[in-house]
Amino acid sequence: MAAALVQGQGTRVGFYSRTCPQAESIVQKTVQSHFQSNPAIAPGLLRMHFHDCFVRGCDASILINGTSTEKTTVPNSLINGYDVIDDAKTQLEAACPGVVSCADILALAARDSVVLTKGLTWKVPTGRRDGRVSLASDVNNLPSPRDSIEAQKQKFADKGLTDQDLVTLVGGHTIGTSACQFFSYRLYNFSTTTANGADPSMDATFVTQLQALCPADGDGSRRIALDTGSSNTFDASFFTNLKNGRGVLESDQKLWTDASTKTFVQRFLGVRGLLGLNFNVEFGRSMVRMSNIGVQTGTEGEIRRVCTAIN
């Protein structure tokens, strides 16, 4: 059943070729325009699509306003880029009223964000329709920075995704930042086996750097790059940082300390003796699989005229 979640959903490349042929270019130009003034929207839109798909499927439920909706939760309220989706939707409604779903705008914008940060493009199947339900309580299903490898694997498997998809999609952290509050516990009183009390899986020099940026009594909302040295470029350097004990989130670093996921990290790094994998190519493939999780098509759901409200 899990495998069925990501196959045969009725989406296809070029779904709007007749009904709204300029749909993809409108989204692309909108994302590009916002990116020029605020590059932080790129990782924001990528994360937004991921967080949407892992809760009730890729149905744009993350965009709905209201009390106790997905958007109100900590993981989602801090995301950049909601205004980009609203802007694209406004333009699409002017060009093709009631045709293009908010869920498809999210999927396209995530792809365009990767391209703008120098990643490779991929063809995005479209044809999703929008959901009508958005509950804050459902966000508990999202992968968490403190998840064990087994918990991460299970959450991905529940969506019909493989261990390779897990490592690949977490690699999306090659762009963007995290707030100190989500990882500073690793820096202080985490372990009795290290001189500074930090997580022993972390590089000691890196710990010192992060402690300076995230003091124990400092501002928990301060943003820190998830891919040190390359946070604005979509590349495989994120995996090099994991190898060197420089993963910011505990869940990320565990991809290197667990034998089964470590193999995929090594393959992305081109370790001799293993069949190499091209991160950018595989990312597009994994994104297509993820973007078909539990989608609504045909007569299901709706096409929201305003992405923040149910029709």
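Nothing here was measured: the structure is a model prediction, and the numbers come from that model.

### A word on the state of the cysteines
One pass over the full model with this rule turns up four disulfides. Two residues share a disulfide in this structure: cysteine 180 and cysteine 214, whose sulfurs sit 2.0 Å from each other. Across the S-S bond linking cysteine 180 and cysteine 214, the dihedral sits near -65 degrees, which makes this disulfide left-handed. Highlighted residues: cysteine 180 in the loop between β1 (177–179) and α9 (204–213) and cysteine 214 in the loop between α9 and β2 (223–225), separated in sequence by 34 residues.

### Looking at the environment of glycine 247
Relative to the assigned elements, glycine 247 resides in the loop between α10 (237–243) and α11 (250–257). Once the C-alpha coordinates of glycine 247 and histidine 173 are considered, the two residues, 74 residues apart in sequence, prove to be 9.9 Å apart. Filtering out sequence-adjacent residues up to four positions away, glycine 247 remains in contact with Arg186, Met202, Phe206, Asn241, Leu242 and Gln253.

### Focus: the packing of aromatic side chains
Counted under the stated rule, the structure contains 13 aromatic pairs. Summarising the aromatic geometry, the rings of phenylalanine 50 and phenylalanine 54 are spaced 4.6 Å apart at their centres and angled 20 degrees between planes, so their arrangement reads as stacked. By relative accessible area, which is 0% here, phenylalanine 54 ends up buried. Through a chain of ring-to-ring contacts, the aromatic side chains of Trp122, Phe234, Phe238, Phe239, Phe268, Phe279 and Phe283 assemble into a single cluster. We note lysine 71 situated over the ring of tyrosine 82; from NZ or CZ to the ring centre the distance is 4.6 Å. Lying across the ring of tryptophan 256, lysine 262 places its NZ or CZ 4.6 Å from the centre.

Rules used throughout
- The residue numbers shown here count from 1 along each chain, following its written sequence.
- In view of the model being predicted, local features appear only for residues whose pLDDT reaches at least 70, and side-chain atom pairs are presented and counted only at 80 or more, with totals across whole chains, interfaces and linings using the full set of residues.
- The basis for every side-chain value is the complete set of heavy atoms in the structure, and neither hydrogens nor water enter the calculation.
- Note on disulfides: each one is a pair of cysteine sulfur atoms within 2.5 Å.
- Note on conventions: DSSP H or I runs of at least 4 residues are helices, E runs of at least 2 residues are strands, and numbering of each starts at the N terminus.
- What makes two residues a contact is simply this: any of their non-hydrogen atoms within 4.5 Å.
- Between 30 and 60 degrees the pair is tilted, below 30 it is stacked and above 60 it is edge-to-face, where a pair is any two Phe, Tyr or Trp rings, Trp via its six-membered ring, whose centres lie within 6.5 Å.
- With a 1.4 Å probe rolled over the protein chains alone, any residue whose accessible area is under 20% of its type maximum counts as buried; one over 50% counts as exposed, and the rest are partly exposed.
- Whether a charge lies above a ring is judged from NZ of Lys or CZ of Arg, which has to be within 6 Å of the ring centre and within 35 degrees of the ring normal.

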